[in-house]
Amino acid sequence: MYALGCLVSPFVATAVASRVSGRWTLFYLFLVGIGAINIVAVLVMFRDSLRIHARPSTAGDGEIESRSKSATKDVIDTLKSPPVYLLSLFYFFMLGVGITASGWVVEYLVSARNGKLPDVGYVSAGLSGGMFLGRVLLAEPTHVFGERKMTMGYCVLILALQLIFWLVPNFVSSTVAICFLGFFFGPMFATGMSVGSKLFPKHIQPTALGM
Amino acid sequence: MFVLAQAGGSLFPALTGIIASKAGVKVMQPILVGLIVAMGIAWALVPKVEKRNE
């Protein structure tokens, strides 16, 4: 669903930017609307938890103290474990790639390749659409063929597609390359999560994944 | 991992922007290539998952 949102946004942004010349900040109204829908959705989903006010006073202070001590211990265990850092390093660069690409590709096409804004805005949608399809379609094959090999393969493919995007000055080939880049980029987030849940011992999993 | 990943997701576009304001937007491409290579190397470093008997 995250990828679906990434797909829809560039359409709205391009429409706002090209129709209402000079007042592109109206796009933020769209974001405000989404935020409001989000608040309503959270309130509806968690309405049961919101009603619990009275806590049972039989718990006692001793239990609460031991819970916070074990939480600190879990955090320290998480911070001491090397796989957490290695996987985080991978995710660090992965999101760097994804967000840099999707954020800067339109600006690049407009300034460095002399694209026109109404046409070029949809390339970002193509990238996000590729990510959406990649997440949906490629999750199963990745799991079947082995996650390590497949992710390494996707990294190589993404490198090749990025080089095509960079070095071939044709607009259509760039657009196609970017869409396929998004497609192979899609499953990597979920794959990393599933590898992470297999690598970390159970008691530090929530802390590690959140960290 | 989310915290560190989001840090990367915010750091690199900002870095690209700073470099691009000095050297022009076309510098985004080599930066992206470098990031993808770093990503591949980082993935190669992730330890193997032993098969758990589930």
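The rules behind these values
- Residues numbered from 1 in each chain as written.
- Chains lettered and ligands numbered in written order.
- Predicted model: local features only at pLDDT ≥ 70, side-chain atom pairs only at ≥ 80, totals over all residues.
- Heavy atoms only, no water.
- Helix = DSSP H or I, 4+ residues; strand = E, 2+ residues; numbered from the N terminus.
- Buried < 20%, exposed > 50% of the residue type's maximum accessible area, 1.4 Å probe, protein only.
- Contact = heavy atoms within 4.5 Å.
- Areas by Shrake-Rupley, 256 points an atom, 1.4 Å probe, with all protein chains shown as cover.
- Buried area = accessible area lost by both parts, 1.4 Å probe.
- Salt bridge = Lys/Arg side-chain N within 4 Å of Asp/Glu carboxyl O.
- Phe/Tyr/Trp six-rings, centres within 6.5 Å; stacked < 30°, edge-to-face > 60°.
- Core = buried A, V, L, I, M, F, W, Y, C linked by side-chain atoms within 4.5 Å.
- Polar contact = N/O pair within 3.5 Å; in protein donor to acceptor, adjacent residues only side chain to side chain.
- Expected span 1.5 Å × (residues − 1).
- Patch = residues over 30% accessible without salt bridge, like charges linked within 9 Å, V, L, I, M, F, W, Y side chains within 5 Å.
- Axes fitted to C-alpha atoms, helices over the stretch in contact; angles between N-to-C directions.
- Parallel < 35°, antiparallel > 145°, perpendicular 65-115°, else oblique.
- Left-handed = near helix turned anticlockwise from the far one by under 90°.
- Nonpolar A, V, L, I, M, F, W, Y, C, P; charged D, E, K, R; others polar.

Quick word on the overall build of chain B
Thought 1: Along chain B, the regular secondary structure elements total two helices and zero strands.
Thought 2: Counting every position in chain B, which comprises 54 residues, the buried fraction comes to 41%.

Some words on the overall build of chain A
Thought 1: Summing up its helical and strand segments, chain A has nine helices and zero strands in all.
Thought 2: Counting from the amino terminus, helix and strand elements in chain A follow one another as α-α-α-α-α-α-α-α-α.
Thought 3: In chain A, which comprises 211 residues, the share counted as buried stands at 35%.
Thought 4: Contacts spanning at least 24 positions in sequence make up 72% of the contacts within chain A whose residues lie at least 6 apart.
Thought 5: When the accessible surface of chain A is totalled, it reaches about 12,400 Å², and 71% of it is carbon and sulfur.

Overview of the interface of chain A and chain B
It is common to report an interface's size as the accessible area lost on association of the parts.
Thought 1: The partner chain B presents 37 residues to the 47 residues of chain A that form the contact.
Thought 2: Of the roughly 4,100 Å² buried where chain A meets chain B, counting both sides, 80% is carbon and sulfur surface.
Thought 3: A per-residue breakdown of the area chain A buries against chain B is headed by Phe92, Trp104 and Arg148 of chain A, which together make up 17% of the total.
Thought 4: For the interface between chain A and chain B, the tally reads zero salt bridges.

What to know about the environment of Ile164 of chain A
Thought 1: Take Ile164 of chain A: it is sitting in helix 7 (residues 147-167).
Thought 2: For the pair Ile164 of chain A and Leu26 of chain A, spaced 138 residues apart in sequence, the C-alpha to C-alpha distance is 35 Å.

Examining the packing of aromatic side chains
Thought 1: One pass over the full model with this rule turns up eight aromatic pairs over all chains.
Thought 2: For the pair Phe90 of chain A and Tyr91 of chain A, a centre-to-centre distance of 5.9 Å together with 65° between the ring planes defines the contact as edge-to-face. Each of the two residues, Phe90 of chain A as well as Tyr91 of chain A, counts as buried.
Thought 3: Ring pairing ties together the aromatic residues Phe90, Tyr91 and Phe189 of chain A together with Trp43 of chain B, which thus form one cluster.

Let's talk about the nonpolar core
Thought 1: One finds Phe90, Tyr91, Met94 and Phe200 of chain A together with Met39 of chain B to be the most contacted residues of the largest nonpolar core, which totals 55 residues.
Thought 2: Only helix 5 (82-111), helix 6 (117-145), helix 7, helix 8 (171-199) and helix 9 (205-210) of chain A together with helix 1 (2-23) and helix 2 (28-45) of chain B provide two or more residues apiece to this core.
Thought 3: By residue number, the principal contributor to this core is helix 5 of chain A, which donates 14 residues.
Thought 4: In this view, Met94 of chain A contacts Phe185, Met188 and Phe189 of chain A together with Met39 of chain B; residues no more than four positions away in its chain are not counted.

Topic: the side chain of Gln162 of chain A
Thought 1: Secondary-structure assignment places Gln162 of chain A in helix 7.
Thought 2: A relative accessible area of 0% places Gln162 of chain A in the buried class.
Thought 3: Residues in contact with Gln162 of chain A, not counting those within four places in the same chain, are Leu181 of chain A together with Gln29, Leu32, Val33 and Ile36 of chain B.

Points about the side chain of Thr16 of chain B
Thought 1: Along the polypeptide, Thr16 of chain B turns up in helix 1.
Thought 2: A distance of 2.7 Å separates a polar atom in the side chain of Thr16 of chain B from the backbone oxygen of Phe12 of chain B.
Thought 3: In contact with Thr16 of chain B, not counting residues within four places along its chain, are Thr100 and Trp104 of chain A together with Met28 and Ile31 of chain B.

Quick notes on helix 2 of chain B
Thought 1: Taking 1.5 Å of rise per residue, the 18 residues of helix 2 of chain B would be expected to cover 26 Å, and the 26 Å separating its terminal C-alpha atoms lies within 8% of that figure.
Thought 2: Taken together, the buried positions of helix 2 of chain B are occupied by Met28, Gln29, Leu32, Val33, Leu35, Ile36, Ala38, Met39, Gly40, Ala42 and Trp43 of chain B.
Thought 3: Buried residues along helix 2 of chain B sit against helix 5, helix 7 and helix 8 of chain A together with helix 1 of chain B.

What about a nonpolar patch on the surface?
Residue and element names in this part refer to chain A.
Thought 1: Taken together, the side chains of Leu163, Ile164, Trp166, Leu167 and Val168 define a hydrophobic patch exposed on the protein surface, amounting to about 400 Å² of accessible area.
Thought 2: As for its placement among the helices and strands, Val168 is situated in the loop between helix 7 and helix 8.
Thought 3: According to the relative accessible area criterion, Val168 is partly exposed, its value standing at 32%.

Focus on the packing of helix 5 of chain A against helix 7 of chain A
All names here are of chain A.
Thought 1: Where helix 5 meets helix 7, the axes come as close as 14 Å, and the angle between the chain directions of the two elements is 20°. In terms of orientation, helix 5 and helix 7 fall into the roughly parallel class. Between helix 5 and helix 7 lies a crossing whose hand is left-handed. Contacts between helix 5 and helix 7 involve Phe90, Val105, Tyr108 and Leu109 from the former and Thr151, Phe165 and Trp166 from the latter.
Thought 2: Within the contact of helix 5 with helix 7, the residues separate by chemical class into six nonpolar, one polar and no charged.

Quick word on the packing of helix 5 of chain A against helix 2 of chain B
Two numbers describe a pair of packed helices, the interaxial angle and the distance between the axes.
Thought 1: Across the interface, helix 5 of chain A lies against helix 2 of chain B with an axial gap of 8 Å and an inter-helix angle of 160°. With respect to helix 2 of chain B, the axis of helix 5 of chain A lies roughly antiparallel. Helix-helix and strand crossings are classified by hand; for helix 5 of chain A and helix 2 of chain B the assignment is left-handed.

Just distances and angles here, no functional claims.
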